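Here is what each chain is made of, one letter per residue.
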Amino acid sequence: PDYNHSYDSSNISIHSYLEKYPEIQIVLDVHRDTVITSSKTKYRAVAEINGETSSQVMILLGSGREKYPNSHWEENLKFSLMIQKTAAERYPGLMRPILLRNYLYNQDITPGSILVEVGTCGNTPEEAERGAGYFAECLIEVLDVINEKGALR
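Residues numbered from 1 in each chain as written. Predicted model: local features only at pLDDT ≥ 70, side-chain atom pairs only at ≥ 80, totals over all residues. Heavy atoms only, no water.

By size, the foremost hydrophobic cluster in this structure holds 22 residues, and its most contacted members are I59, F79, I83, L94, M95, I114 and F135. Looking at this core, the elements with two or more residues in it are β2 (46-49), β4 (57-62), α2 (73-90), β6 (112-120) and α3 (125-149). Examining the composition of this core, we find that seven residues originate from one element, α3, more than from any other. (Core = buried A, V, L, I, M, F, W, Y, C linked by side-chain atoms within 4.5 Å. Buried < 20%, exposed > 50% of the residue type's maximum accessible area, 1.4 Å probe, protein only. Helix = DSSP H or I, 4+ residues; strand = E, 2+ residues; numbered from the N terminus.)

Next up, the structure:
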């Protein structure tokens, strides 16, 4: 796949799934962050959780703004804050701060679209798996709350 067109490609995939399953509200775009210095030092984003080293997780949100309108950015932010709060309560240190950018990242498609960075290029696969697992537990808890309410809105 062409990295420069990855969001265009994923946009097509997301819309294809939405045609089949129009009730989809949550779209997760999962990545590993790249944090490398000019001297090629790779940084690890880690937390100690349950006596083990885990990668940290970060949510990247596209606010859109005038250049890239995103009618869902506030819903996506609300969803992200629910995850952050749950993670802070269950696994302190797991989450890095939410990063808000003036782009879309295909987050204009549904009211629950977020980009999730699981660790960095410096984390081990085991650390990333732990971080993803803890994040998934928090996500499930948030989705259960959302299901009780009936929707993200």
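The discussion continues.
Time to look at the environment of L143. Within the secondary structure, L143 sits in helix α3. L143 sits twelve residues away from G131 along the chain, and the two C-alpha atoms are 18 Å apart. Setting aside chain neighbours within four positions, we find L143 in contact with I26 and F79. (Contact = heavy atoms within 4.5 Å.)

With that settled, consider unusual backbone geometry. We note that K40 has phi near 70 degrees; this positive angle belongs to a residue other than glycine. Relative to the assigned elements, K40 resides in the loop between β1 (26-33) and β2. Even without glycine at this site, Y105 takes up a positive phi of about 55 degrees. Relative to the helices and strands, Y105 resides in the loop between β5 (99-101) and β6.

This part is about the sheet that holds β6. One open sheet accounts for four strands, arranged β1-β6-β4-β5; its pairing is mixed. The open sheet has two edge strands, β1 and β5, and neither has a second partner. Along the sheet, successive strands turn relative to each other by an average axial angle of 25 degrees, direction set aside. In this structure, β1 lies alongside β6, joined through seven bridges in parallel fashion. What sits directly across from H31, in β6, is E117. α3 contacts β1, β4 and β6 of the sheet and is inclined by roughly 155 degrees relative to β6. (Pairing = 2+ DSSP bridges. Axes fitted to C-alpha atoms, helices over the stretch in contact; angles between N-to-C directions.)

Quick look at the environment of N102 now. Within the secondary structure, N102 is located in the loop between β5 and β6. Its relative accessible area of 35% is what places N102 among the partly exposed residues. Expressed as a C-alpha distance, the spacing of N102 and R32, which sit 70 residues apart in the sequence, is 20 Å. Setting aside anything within four residues of it in sequence, one finds N102 in contact with S63, G64, R65 and Y68.

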